[in-house]
Structures are given as structure tokens and as C-alpha cells.
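Chain by chain, the residues:
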Amino acid sequence: MRSHEAFRVQNAPLRPLLIKELWEILSGRALWTMLLLMCPLVGYSFFQAVSLFGEASAAGQQSPVLANSLSPLDGVMVPTLGASYVAVTLLFPFVAIRVLGQEKESGALRLLIQLPYRASTLIAAKLVAVLAAWVLSSVPAFSALAIWRLLGGHLSAPETLNLLFGHLLYGLLVGAIALFAASISESAATAAIVTLAFTIGSWVLDFTVAGHPGLLEWIARLSLTQVLRTFEQGLLSAGLVAGIGTAMCGFAALATIWLPPGVPVRTKLFRSLVCVLAAAIVLGLATQIRFSLDVTEDQRNSFPVADQRALAKFAEPLVVTVHLAPEDPRYADLQRNVLAKLERVLPNVSVRLAGGRQSLATNAGDDSYGEVEYAYGGRSDVSRSSSPREILPLLYGLARVVLPAPIPGADYPGYPLVTNGQPALLWFFCGLPLFIVLAWWRSRRLPDPVKALS
């Protein structure tokens, strides 16, 4: 007869399991090697960003308009964390795979499965270890932001936290993919190849099918590089966060399905199919979520404050009919400058492409091609412009609303800074690597997790 004590999964303590997973990730060489490689990569990117930002700031001293457009988000934070993104894409999979791949190669996984934990609990614990590894791998990026503040640079808390949150989601997504790859592979090398097929394959998608209409456009949206693009623009999109969370949970669920070694392959394939279908349905629902926040200090993704307040009072639906092909550059400008901003501020707005998704060639002889029709309150008007300076007065005319007066003091001041970033190189090339080596040596003296589990 089966022992009831062996299957009290809820009563199994999680602390020893977490200690064991953290010990596995900290005792390996992959994490510390990645940290050492990231120091010069992030450090040189930060130095270049500070230098270029300083040159633009020096020019801004002669032109107040240029000075007002200098944002540390674009000039410093995005380039610096971009180096961290490259490292997470190419190196972090090897770190995340270690939490599972080594156990499969050594045969320890068969013993781990016999512990009183569910497979989902084991995968969750390994995701916690992946999260800890991402936090440690972000130390060079965190130190770069701290050095920027010490140099006198400006950081907006909403912008910075939003960008870091995007990189966190990307790192956890890569970690979940790595766990799935390790669960279906017999060796860590094969799992690394599978994971890199996802990450590097995303770059291939961006270079080959991005900007093409139809099915290719939908495939391009599956690229992992799309994860960070919205956060780098200073937007916090609820639909994107829900989609990333769904993909992350989907890969973690697939890893849970393929983790037990004694389950027939046919059963795993059937459960995987159900999991993929469920994730696809949730992803489809997530794409319908339109809510997003503009967290940038200069509100570049929104209309001026006075216009935001006036447009928020529009009670009736606004219907926008666009006579442009999706691949037309004018449509991209219209979407970025007008349509996306309208969707964030108006309570009820719908945008549709006239004639479906036709190409530039099929619309070449159409006299109405290039027109954008705006219908509100039973009235309509047409414009070919993609500038808010022309579109907003048109909308106010349809709504019979007086143009709002600009709010004084609402302009973005800009944060130019001319400084020398060379001292930071000493930290990234000498100081921080030394601390990492010392922490590596200290991690070798951590207690054996086997004793914690006993």
C-alpha cells in the first residue's frame, strides 16, 4: 500500500528546496563568468553613451531647443541597458539551463522527482533561482545608473523603473524558455542550442519579416525583441505585460509537463498541445487589451496636457478610417504621432484600414489613397496629415470644442550634462570585476544544500 506520508506535498518545506536551487546557481561558473564578461560590455556602452550625451549637451548650450530635447532615457539608460540585453540574450541561457540541465546529465533529476514536491513546485523554485541569477547579472547595469547619478545626471523614477521592469520580464522569459529547453533535452549543450534558436531566431525575424503585412506581420510580433521595444519608448502596456506573463507561464508549464522522466511521451505531447492551445487563447485575449501608460517625463507618447484634458471629455465614439497600406511609412508616422495617442486618451475610439490590408501597388491608382477620415458625433472630415498640429484642431471642430489654451510650465526642460565618463571605466574594468571574483570565492564556501534537505 502507498504511504500517505510520502504524498503530503503541501506540508513539504520550501526553504530547503530554495536553498538547494540557489546554491546550484551560485556555485556554478556560468553565472560568475557571465558577470565578468558583462563588466567591460556594459561599462564601455555606458562610457560611449555618456560621451555622446555630453557632446549633444555641449551643442545644446548654443541651442535651447536642442537642450530641451535631451532625455537621459534615450541618451544613457537605453544604450547602457542595451548592452545588458545582448548579454542576457546570448549568455543568460547558459546560466538558466544549469539549474536543470546538470541534474538531468548527472541523473540527480530522478532523485529530485522522488522528493515530496510537485513538478510545478520544482519548476517554480528553479524560476526563483533564475530570478536571483538575473538580479546578480544586472549588477553592472545597476552600478552604471548609480554612477550616472553620482556624475550629476538626472533619472526619472517612473522611466527607470519601467525600463528595468521590461528587462526583468525579458530575463524571466528567456529563463523560462531555457527551463523548457532543458526539460526536453538530454544534455545542457542541446538545451543551449534550443534556447538560442528562440533568442537569436528573434533577431532573424526582425531582419527578414518585420514591416511586411499580413501573416508575416503577425509572425514578426512573436519576436522576443518586441518585448523591450515598448518599454524603451517609455510605455507601460497592460496587454504586453499580460502577453509576456502568459508566454512565461506557458513555457514554465511545458517544462513542468516534460520534467517527470517516467511519463509516456504520448501523454506529454497531448498535455503540451493542450497547454499551447490554452496559452494561444490567452495571448489572443491579451492582444485586445489597449490600456497603456506613458511614463516618460517629457510625455512624448501623449499629446500636450491641455489637449489630453480636452480629449478625455469626448463622450461620443470617434471612428478613424485610414486609406493607407500598413507598409506605407506615412501610416507608421500616423500611428506613432496621432492614432496611438488617441487610443490612450479617448474613452471610445476605433481605427480601421479601408479596403483591408492591401499593398501600395494595389492602391496606386486610388484618388482617396492617403486620406484619413475622422467621424465624430455625426460629422466627419478628411485630412492627409500625420501631424497633431493639424489633426487636433480638426477633431475639436468635429466636437464643436474650443481649442484649449496651452498650460504654462508644462514643457519638458531637458537635462543636458557635459561630464567625463572615463573614471567609470576604472570601476567596470578593475573595481567591479575584483568584487565579483571575491564574491565568487565566497560562494564556494556556502553550506552544502544536501545538509539543508536532510
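For the structure given in this document, a descriptive report is provided here. (Residues numbered from 1 in each chain as written. Predicted model: local features only at pLDDT ≥ 70, side-chain atom pairs only at ≥ 80, totals over all residues. Heavy atoms only, no water.)

A closer look at the nonpolar core
Working step 1: Residues Phe46, Phe92, Tyr170, Leu173 and Phe428 are the most contacted members of the largest nonpolar core, which totals 73 residues.
Working step 2: When residues of this core are assigned to their parent elements, the largest contribution, 12 residues, is made by helix 9 (residues 157–184). (Core = buried A, V, L, I, M, F, W, Y, C linked by side-chain atoms within 4.5 Å. Buried < 20%, exposed > 50% of the residue type's maximum accessible area, 1.4 Å probe, protein only. Helix = DSSP H or I, 4+ residues; strand = E, 2+ residues; numbered from the N terminus.)

Here's the deal with the side chain of Ser84
Working step 1: Within the element layout of this structure, Ser84 appears in helix 4 (residues 72–90).
Working step 2: The contact partners of Ser84, leaving out residues within four places of it in the chain, are Met38, Val42 and Ala141. (Contact = heavy atoms within 4.5 Å.)

Looking at the pairing of strand 3 (residues 318–322)
Working step 1: Counting buried positions along strand 3 yields 4 of 5 residues, so the element is predominantly enclosed.
Working step 2: Between strand 3 and its parallel partner strand 4 (residues 349–353), the chain crosses via helix 16 (residues 329–345), and the hand of that crossover is right-handed. (Right-handed = clockwise from strand over helix to strand, strands pointing away.)

Some details on the pairing of strand 6 (residues 379–383)
Working step 1: As judged from the 5 bridges shared by strand 5 (residues 372–376) and strand 6, these two strands associate in the antiparallel manner. When the sheet's bridge partners are listed, Tyr376 is paired in strand 6 with Arg379.
Working step 2: Where strand 5 hands over to strand 6, the hairpin turn is made up of 2 residues, of which Gly377 adopts a positive phi near 60 degrees. (Pairing = 2+ DSSP bridges.)

Here we look at the packing of aromatic side chains
Working step 1: Enumeration over the complete set of coordinates arrives at 11 aromatic pairs.
Working step 2: Seen in terms of ring centroids, Tyr85 and Tyr170 are 5.2 Å apart; in terms of plane orientation they differ by 50 degrees. Their pairing is tilted. Taken together, the positions of Tyr85 in helix 4 and Tyr170 in helix 9 put the pair 85 residues apart, joining distant regions of the chain. For the residue pair Tyr85 and Tyr170, the accessibility class agrees, reading buried in each case.
Working step 3: A ring pair is formed by Phe314 and Tyr396, whose centres lie 6.4 Å apart and whose planes are at 75 degrees; its orientation type is edge-to-face. With Phe314 in the loop between helix 15 (305–311) and strand 3 and Tyr396 in helix 17 (residues 388–398), the pair connects residues that are 82 residues apart, well separated along the chain.
Working step 4: Among the aromatic residues, ring-to-ring pairing joins Phe180, Phe198 and Phe251 into one connected group. (Phe/Tyr/Trp six-rings, centres within 6.5 Å; stacked < 30°, edge-to-face > 60°.)

A closer look at the packing of helix 2 (residues 29–60) against helix 8 (residues 139–150)
Working step 1: For the pair helix 2 and helix 8, interaxial distance at closest approach is 9 Å and the crossing angle is 30 degrees. The angle between helix 2 and helix 8 places the two elements in the roughly parallel class. Crossing of helix 2 over helix 8 shows right-handed handedness. Judged by residue contacts, Leu35, Met38, Cys39, Val42, Phe46, Val50 and Phe53 of helix 2 engage Pro140, Ala141, Ala144, Ile147 and Trp148 from helix 8.
Working step 2: Here the residues of the contact of helix 2 with helix 8 are counted per class, giving 12 nonpolar, no polar and no charged. (Axes fitted to C-alpha atoms, helices over the stretch in contact; angles between N-to-C directions. Parallel < 35°, antiparallel > 145°, perpendicular 65-115°, else oblique. Left-handed = near helix turned anticlockwise from the far one by under 90°. Nonpolar A, V, L, I, M, F, W, Y, C, P; charged D, E, K, R; others polar.)

Observations concerning the pattern of salt bridges
Working step 1: Throughout the structure, instances matching the rule amount to 7 salt bridges.
Working step 2: One salt bridge in this structure joins Asp298 and Arg300, with 3.2 Å as the shortest N-O distance.
Working step 3: Under the relative-accessibility criterion, Asp298 is labelled partly exposed at 23%.
Working step 4: Here Arg384 ties to Glu371 by a salt bridge, and the two come within 3.6 Å at their closest N and O atoms. Placement of the pair is Arg384 in the loop between strand 6 and helix 17 and Glu371 in the loop between strand 4 and strand 5, with a sequence separation of 13 residues.
Working step 5: When its relative accessible area of 24% is taken as the criterion, Glu371 is described as partly exposed.
Working step 6: Linked through salt bridges whose partners overlap, the residues forming this network are Lys20, Glu21 and Lys126. (Salt bridge = Lys/Arg side-chain N within 4 Å of Asp/Glu carboxyl O.)

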